[in-house]
Amino acid sequence: MLTEISAIAPQDTRDDVAVQIDGVSKSFSGTVALEPIRLKVRRGEFLTLLGPSGCGKTTLLNLIAGFLEADEGELFIDRDLVTQVPPHQRKIGIVFQNYALFPHMSVAQNVAYGLRTRRVPKAETAERVREVLALVKLEDFADRRPRQLSGGQQQRVALARALVVRPRVLLLDEPFSALDRNLRSAMQVELREIQSRLGLTTVFVTHDQSEALSMSDRIAVMSRGRIRQIGTPSQIYDRPENHFVSTFVGDANLFAATLLEKTDATASLDIGKTRLSLTTFQEELPEPGPVTLFVRPEQCSLTGLDQPGAIAATVALSVYQGSYAELHLDCSVAENGRVMLRVPASEAMEPGTNVGIALPERGPAIYTTTERET
Amino acid sequence: MKKSALDHLLDWSGRILLAAILGFVLLPFVVVAIASFNDGAILSFPPKSWSFRWYANAFEYRDFGSGLVNSLRIAAIGASIALIAGAGFAYVFNRYDFMFKRLLNTVLMSPLIIPNFTIGLGLLILSAAVQLPRSIWLVIAVHVVIVLPFVVRSVYVSLKNFERRYEQAAESLGGTPLHVLLTITLPLLLPGLISGALFAAILSFNEFTASLYVVNQRTQTLPVAMYNYVREYADPTLAALSVIYVAAVAAMLLLVHKFFRLEKVLNVD
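Residues numbered from 1 in each chain as written. Chains lettered and ligands numbered in written order. Predicted model: local features only at pLDDT ≥ 70, side-chain atom pairs only at ≥ 80, totals over all residues. Heavy atoms only, no water.

- Going by what an unreviewed UniProt entry lists, chain B is known as ABC transporter permease and is assigned to Paracoccus onubensis.
- In its Sequence similarities (unreviewed entry) section, the UniProt record describing chain B reads: "Belongs to the binding-protein-dependent transport system permease family." (UniProt positions renumbered as here; feature names shortened; annotations may be inferred.)

- Under an unreviewed UniProt entry, chain A has the name Spermidine/putrescine import ATP-binding protein PotA and belongs to Paracoccus onubensis.
- UniProt, in its Sequence similarities (unreviewed entry) section for chain A, records the words "Belongs to the ABC transporter superfamily. Spermidine/putrescine importer (TC 3.A.1.11.1) family."
- Looking at the Function (unreviewed entry) heading of the UniProt record, one finds this comment for chain A: "Part of the ABC transporter complex PotABCD involved in spermidine/putrescine import. Responsible for energy coupling to the transport system."

Here you go:
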């Protein structure tokens, strides 16, 4: 009931913003690392900055933390202007990729560090350290040294150390990349549980798109110092706004096509010798001419070569994946010569088999070809 | 896995080679150590009869005692000054960019190229020109100039390998720059600082050429006292003293090892 009331109750919309980035940019000796960025992180939100290395995501995180100074623009945390404020006064928490636990201190001393700098009384410090170590299930490890802990345990200490000071924002810099796969997914679930329990505003940096899709409330996809799209994981996956986002998040099949005509979201186009009419999710389509047609593997299906609208392809490789098989097809009209789709494992086909690909009538997207980039 | 004859051969020839290298390195010291127990008054090898009397002489000879005290004082004070100045230089070099940085670096490293006697001679001329007394502080000044590059290098390398994330984590937790320096940076750099100071102290303790120019009878260091001794006498006292010398430096290293593991200090861990 409570949530329904607060959902309709009028709110100060500014109060909903925990971090506001207003045209912040950064260059390193003439090379632009970050174009002017505008971004609002909502209170309690788990926002992911996703992109390949060198896209500016870590630079943006370092700017929020205060480790770097912005060339221009303003930065607000909880409505306070912090652009010029040094890191130790920003009241943020950060967990690094290698955790950066202080090797000369015990687990408890590591966790207590942020309380000591704030001159929290001894008794309260001990209590809060105990509480937060219980939260990350490390009560029994208080007296150990960091090097005596496993990777997962070290990460929990790093998290506890950041959480104990009740930060206004939690910053996570690729914290899972040093963990092996099983531990990684367990830690992802655990972190997400703690984060939502505490209602902690979190900015998470990663290059791993599946991690971003599974953990985030919203994702900002970045490349070349710009935010290319921001939205919920399903918006990013189902409705990528441009060529870059479509290929960086999830698997994409891309066809070289010629756009003949368009009315609203419906287009008529040629792919090789095949003429198709499609309805996309896009509000605006590119101008007629050479374009890229984007279709997710799960939207493609196999069909007879003689069917209308079928695109000719040849099975190159079938990769068994347990519950399904990935079929990699040679296809002359695909942008990189290959198309991938998934079929039940029992329907895997021998290499060399000629097949037809059927494209959906609704759902794909059309991008201008010139926009390709990494 | 079973070893073949060739493996055994390589294994043994490797051991012999290793022993040969060690023997070659240690040979001078072994010869001197044996000669120090020679009973005769002429430094000869191998000895015909044995005695401890040159050890007694080494301890009784006045100049050696005062030279040792001087050398220890100079090494301790000089290494401390070099450590503080060198660590400061290294920190500034690592963390800040400024004009003439490369020039300053070159100047700072120049004692590596300029021979010690030039440094000693230079400071001697200078001190005479400004009528500075030839006190122990002049000797210390010469030693600081000579050992400073080693300290700067040593600290600079540990700063370069230092993970900045530690400091950033501490800052994000509310640590002021000074607090972070005292609680994080300095404790983690300690092995580098110790090794810098250690090298400085040993270099200073062994320094001879430059010292020769700037000492007088009152401030002469142990190596200079030894040099003066050998000009007058040719008995095995110096051999005995060499053994004492090596034992003293080894004791110093052991002391460091007791508090800070030497592997860590020397960065071979």
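**With respect to the pairing of strand 17 (residues 324–330) of chain A**
Residues and elements named next belong to chain A.
Next, step 1: Most of strand 17 sits inside the fold, with 5 of its 7 residues counted as buried.
Next, step 2: With 6 bridges connecting them, strand 16 (residues 311–320) and strand 17 associate as antiparallel partners. In the strand pairing of strand 17, Val-315 is matched with Leu-329.
Next, step 3: As consecutive antiparallel partners, strand 16 and strand 17 are separated by 3 residues, and within that stretch Gly-322 has a phi angle of approximately 90 degrees, a positive value.
Next, step 4: Sheet topology places strand 17 next to strand 18 (residues 338–344); 7 bridges connect them, and they run antiparallel. Within strand 18, the residue paired with Glu-326 across the bridge is Arg-342. (Buried < 20%, exposed > 50% of the residue type's maximum accessible area, 1.4 Å probe, protein only. Helix = DSSP H or I, 4+ residues; strand = E, 2+ residues; numbered from the N terminus. Pairing = 2+ DSSP bridges.)

**Remarks on the sheet that holds strand 15 (residues 301–303) of chain A**
All names here are of chain A.
Next, step 1: The strand order across the open sheet built from 5 strands is 15-19-16-17-18, with neighbouring strands paired in antiparallel fashion. At either end of the open sheet lies a strand with only one pairing partner, and these are strand 15 and strand 18. Along the sheet, successive strands turn relative to each other by an average axial angle of 50 degrees, direction set aside.
Next, step 2: Examined bridge by bridge, strand 15 and strand 19 (residues 354–358) share 3 bridges and lie antiparallel to one another. (Axes fitted to C-alpha atoms, helices over the stretch in contact; angles between N-to-C directions.)

**Regarding the pairing of strand 3 (residues 46–50) of chain A**
Residues and elements named next belong to chain A.
Next, step 1: Burial analysis of strand 3 places 5 of its 5 residues in the buried class, which makes it a mostly covered element.
Next, step 2: Here strand 3 shows no split at all, with Phe-46, Thr-48 and Leu-50 on one side and Leu-47 and Leu-49 on the other all buried.
Next, step 3: With 5 bridges joining them, strand 3 and strand 8 (residues 202–206) adopt parallel strand pairing. When the sheet's bridge partners are listed, Phe-46 is paired in strand 8 with Thr-202.

**Side note on the UniProt feature "domain: ABC transmembrane type-1" (unreviewed entry) in chain B**
Next, step 1: Cross-referencing UniProt, the feature "domain: ABC transmembrane type-1" (unreviewed entry) maps to residues 68–256 of chain B in the present numbering.
Next, step 2: Between the first and last C-alpha atoms of residues 68–256 of chain B the distance is 20 Å; the span itself is 80% helix and 0% strand.

**Digging into the environment of Thr280(A)**
All names here are of chain A.
Next, step 1: Turning to its location among the elements, Thr-280 is positioned in the loop between strand 13 (274–279) and strand 14 (289–295).
Next, step 2: Since its relative accessible area comes to 7%, Thr-280 is described here as buried.
Next, step 3: Through-space distance from the C-alpha of Thr-280 to that of Arg-362 is 5.8 Å; in sequence the pair is 82 residues apart.
Next, step 4: Ignoring any residue separated from it by four or fewer positions in sequence, one finds Thr-280 in contact with Ala-265, Leu-285, Pro-364, Ala-365 and Ile-366.
Next, step 5: Within the structure, Thr-280 has its side chain in polar contact with the backbone nitrogen of Gln-282 (distance 3.2 Å). (Contact = heavy atoms within 4.5 Å. Polar contact = N/O pair within 3.5 Å; in protein donor to acceptor, adjacent residues only side chain to side chain.)

**Some points on the UniProt feature "transmembrane region" (unreviewed entry) in chain B**
Residue and element names in this part refer to chain B.
Next, step 1: Within the UniProt annotation, "transmembrane region" (unreviewed entry) is assigned to residues 12–37, 74–94, 106–130, 136–159, 180–205 and 237–256.
Next, step 2: Between the C-alpha atoms that bound residues 74–94 the distance is 29 Å, and the span itself is 100% helix and 0% strand.
Next, step 3: For residues 106–130, the end-to-end C-alpha separation is 27 Å, with 72% helix and 0% strand making up the annotated structure.

**Here's the deal with the UniProt feature "domain: ABC transporter" (unreviewed entry) in chain A**
Next, step 1: The positions UniProt marks with the feature "domain: ABC transporter" (unreviewed entry) are residues 19–249 of chain A.
Next, step 2: As annotated, residues 19–249 of chain A has a helix share of 36% and a strand share of 26%, and its two end C-alpha atoms lie 25 Å apart.

**Considering the side chain of Asn242(A)**
All names here are of chain A.
Next, step 1: Here Asn-242 shows up in the loop between helix 8 (233–238) and helix 9 (243–248).
Next, step 2: What makes Asn-242 buried here is its relative accessible area of 7%.
Next, step 3: At 3.0 Å, the side chain of Asn-242 forms a polar contact with the backbone nitrogen of Val-245.

**Regarding the packing of helix 3 (residues 107–117) of chain A against helix 5 (residues 151–163) of chain A**
Helix-helix packing is characterised by the crossing angle of the two axes and by the distance between the axes.
Residue and element names in this part refer to chain A.
Next, step 1: Relative orientation of the contacting elements helix 3 and helix 5 amounts to 30 degrees, with a least axis distance of 7 Å. Relative to helix 5, the element helix 3 lies roughly parallel. Where helix 3 crosses over helix 5, the two elements pack in a sense that is right-handed. When helix 3 is examined against helix 5, the residues Val-107, Asn-110 and Val-111 are found in contact with a partner set consisting of Val-157, Ala-160 and Arg-161.
Next, step 2: By residue class, the composition of the contact of helix 3 with helix 5 is 4 nonpolar, 1 polar and 1 charged. (Parallel < 35°, antiparallel > 145°, perpendicular 65-115°, else oblique. Left-handed = near helix turned anticlockwise from the far one by under 90°. Nonpolar A, V, L, I, M, F, W, Y, C, P; charged D, E, K, R; others polar.)

**Quick notes on the pattern of salt bridges**
Residue and element names in this part refer to chain A.
Next, step 1: Summed over the entire model, instances satisfying the criterion amount to 23 salt bridges over all chains.
Next, step 2: Here Arg-342 makes a salt bridge to Asp-251, at a shortest N to O gap of 2.5 Å. Note that Arg-342 is positioned in strand 18 and Asp-251 in the loop between helix 9 and strand 11 (253–263), a separation of 91 residues in sequence.
Next, step 3: The partly exposed category is assigned to Arg-342, whose relative accessible area is 32%. (Salt bridge = Lys/Arg side-chain N within 4 Å of Asp/Glu carboxyl O.)

**Notes on the side chain of Glu174(A)**
Residues and elements named next belong to chain A.
Next, step 1: For Glu-174, the location among the structural elements is in the loop between strand 7 (169–173) and helix 6 (181–198).
Next, step 2: A distance of 2.8 Å separates the side chain of Glu-174 from the side chain of His-207, its partner in a polar contact.
Next, step 3: Excluding residues that lie within four positions of it along the chain, Glu-174 makes contacts with Lys-57, Gln-97, Val-205, Thr-206 and His-207.

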